[in-house]
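Next come the chains, spelled out residue by residue.
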Amino acid sequence: MRTSRSPHMSGRWRRAGSTAVATSALVLAGLGTAVHATAATPDHVSAKAVATAVANAHVQYESACDATPKKGYAACNALRVTSGTTAFMEKQAALKGLTAKTLKPNASSASPTGYGPSDLQDAYGLTDAAAANGSGETIAIVDAYDDPNAAADLATYRSYYGLPACTTANGCFKKVSQTGSTTSLPTADSGWAGEISLDLDMVSAIAPNAKILLVEAKSATMANLGKAVNEAVTLGAKFVSNSYGGSESSSDASYDSSYFNHPGVAITVSAGDEGYGAEYPAASKYVTSVGGTALSTSSNSRGWTESVWKTSSTEGTGSGCSSYDAKPSWQTDTGCTKRMISDVSGVADPATGVSVYDSYGVTAGWYTFGGTSASSPIIAAVYALAGTPGSSDYPAQYPYKHTSSLNDVTSGNNGSCSTSYFCTATSGYDGPTGWGTPKGVSAFTS
């Protein structure tokens, strides 16, 4: 029985073969904003009418990549909405006195159907920092396989939202293989291309003045992805986002020392999309593990509210106590003697998902994406807005020094567990959301 307070349930179609779909109403008063700015409810449209319309929202979604990778491999944590109506769409329609049009099974739209840059910046108190900060910083995205349309899709996203151009020609965007080659790239893959589009767009949404380095591993093995992380650092990135994960193993300590031990670099990793349970490399003691929330507009002073993202017992943000990885010195919760996931969190629920432009292997157009693949690049970009980390620092510890500078998420759960905070939100630290979500940049600097 679902006990999360998240006010929706959305379904998932796994490409790995499951055909189960769960849907229900999304009951959120006033969720959704205009494409470029928050929209007030017009006088002729009552808040009750908007809430009634938004209650009709329902989505189905699928994993962009293989959801059950074999040992030694990772799956991306991107979830693409495939049909239904998002809450964003329902409110936009209600404000115009219309009925929201249901997304077709390919879910491609001529205009955005999820949150855009102004929404995300506003929700996380980043509007001023996004405008003023990030110049000179390089944020790396590490993914597997090639997205041949990465540069073109990135240009479409940034142009639509009025963000500065970020191209190979102007030196803002660079795509390389795990060996640093710009010409000898991996085999293309449509599933990971969707992941890449999501990552590039989220970095752009949060830190539009930063440079972006895309490093493509030749396959989704942990070894190749780890080599891509090393290459990103070699090429000068001080912020590296990783939106993938797999099962923990006794090899994790070796992976830690070989690929993720980079002082002076903020490395973020998605906590996973399978509900309660630990994944690697989110369990690495050297990274910032990023959980997922459902993000909705609210009448409170912040203007937004968040709860743990949970769709079902097997669909929601990851969290948990690692079976293998040592606990970092700055993590002081007492229920887990090893590494605890997560550290912080950000929006990940597909029903309250983000707008992404994608064209490789799918109908070209706008899609809504969710999964902790959204929250990891968001947090990496927040680190970039906060400034270059100290050269000997492990930036994963920064939020632990500034817990009051985060939005504490206190409602919802991602499953059942014997130690409550491992899977249930509470005041202060908890597994699914860590210490909370960004409230400006103060929690992401020394």
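To be clear, the structure that these remarks concern was listed above.
Computed from a prediction, not measured in an experiment: that's the story for all the values here.

1. Digging into the nonpolar core
With 99 residues, the main nonpolar core has Leu120, Ile139, Val142, Val240, Tyr244, Phe260 and Val354 as its most contacted residues. Among the elements that line this core, the one with the most residues is helix 9 (residues 372–386), at 9 residues. In contact with Ile139, not counting residues within four places along its chain, are Val203, Ala207, Ala210, Lys211, Ile212, Leu213, Phe239, Ala380, Ala381 and Ala384. Counting residues in each nonpolar core, the second largest holds 9 residues, with Val59, Tyr61, Met89 and Ala348 among its members.

2. Section: the pattern of salt bridges
By the definition in use, this model includes 5 salt bridges. Here Arg302 makes a salt bridge to Glu306, at a shortest N to O gap of 2.8 Å. Looking at Arg302, the relative accessible area reads 25%, which means it is partly exposed. Here Glu306 falls in the buried class, since its relative accessible area comes to 7%. A salt bridge links Lys327 to Asp333, with the shortest nitrogen-to-oxygen separation between them at 2.8 Å.

3. Concerning the packing of helix 5 (residues 150–160) against helix 6 (residues 190–206)
Where helix 5 meets helix 6, the axes come as close as 10 Å, and the angle between the chain directions of the two elements is 40 degrees. Viewed along their axes, helix 5 and helix 6 adopt a mutual orientation that is oblique. The handedness of the crossing between helix 5 and helix 6 comes out as right-handed. Where helix 5 approaches helix 6, its residues Ala150, Asp153, Leu154, Tyr157 and Arg158 are matched on the opposing element by Ile196, Ser197, Leu200, Asp201, Met202, Ser204 and Ala205. Across the contact of helix 5 with helix 6, the residue classes break down as 7 nonpolar, 2 polar and 3 charged.

4. Structural notes on the environment of Ile139
Structurally, Ile139 can be placed in strand 5 (residues 138–144). Among the residues examined, Ile139 registers a relative accessible area of 0% and is labelled buried. Here the alpha-carbon distance between Ile139 and Leu214, two residues 75 residues apart in the chain, equals 8.5 Å.

5. Points about the side chain of Asn414
Here Asn414 is to be found in the loop between strand 20 (406–407) and strand 21 (437–438). From its side chain, Asn414 meets the backbone oxygen of Thr317 in a polar contact 2.7 Å long. Of note is the side chain of Asn414, whose polar atom sits 3.0 Å from the side chain of Ser319.

6. With respect to the packing of aromatic side chains
For any two aromatic rings, the description comes down to two numbers: the centre-to-centre distance and the angle of the planes. Counted by the stated rule, this structure contains 17 aromatic pairs. Taken together, the ring pairs in this structure connect Tyr157, Tyr160, Tyr161, Tyr357 and Trp366 into an aromatic cluster.

7. Topic: helix 7 (residues 222–234)
Here helix 7 is 13 residues long and its end C-alpha atoms lie 18 Å apart, about the 18 Å a rise of 1.5 Å per residue gives. Listed as buried for helix 7 are Met222, Asn224, Leu225, Gly226, Ala228, Val229, Glu231 and Ala232. One or two positions beyond helix 7, positive phi appears at Gly236, with a value near 105 degrees.

Scoring rules and cut-offs
- Residues numbered from 1 in each chain as written.
- Predicted model: local features only at pLDDT ≥ 70, side-chain atom pairs only at ≥ 80, totals over all residues.
- Heavy atoms only, no water.
- Core = buried A, V, L, I, M, F, W, Y, C linked by side-chain atoms within 4.5 Å.
- Buried < 20%, exposed > 50% of the residue type's maximum accessible area, 1.4 Å probe, protein only.
- Helix = DSSP H or I, 4+ residues; strand = E, 2+ residues; numbered from the N terminus.
- Contact = heavy atoms within 4.5 Å.
- Salt bridge = Lys/Arg side-chain N within 4 Å of Asp/Glu carboxyl O.
- Axes fitted to C-alpha atoms, helices over the stretch in contact; angles between N-to-C directions.
- Parallel < 35°, antiparallel > 145°, perpendicular 65-115°, else oblique.
- Left-handed = near helix turned anticlockwise from the far one by under 90°.
- Nonpolar A, V, L, I, M, F, W, Y, C, P; charged D, E, K, R; others polar.
- Polar contact = N/O pair within 3.5 Å; in protein donor to acceptor, adjacent residues only side chain to side chain.
- Phe/Tyr/Trp six-rings, centres within 6.5 Å; stacked < 30°, edge-to-face > 60°.
- Expected span 1.5 Å × (residues − 1).

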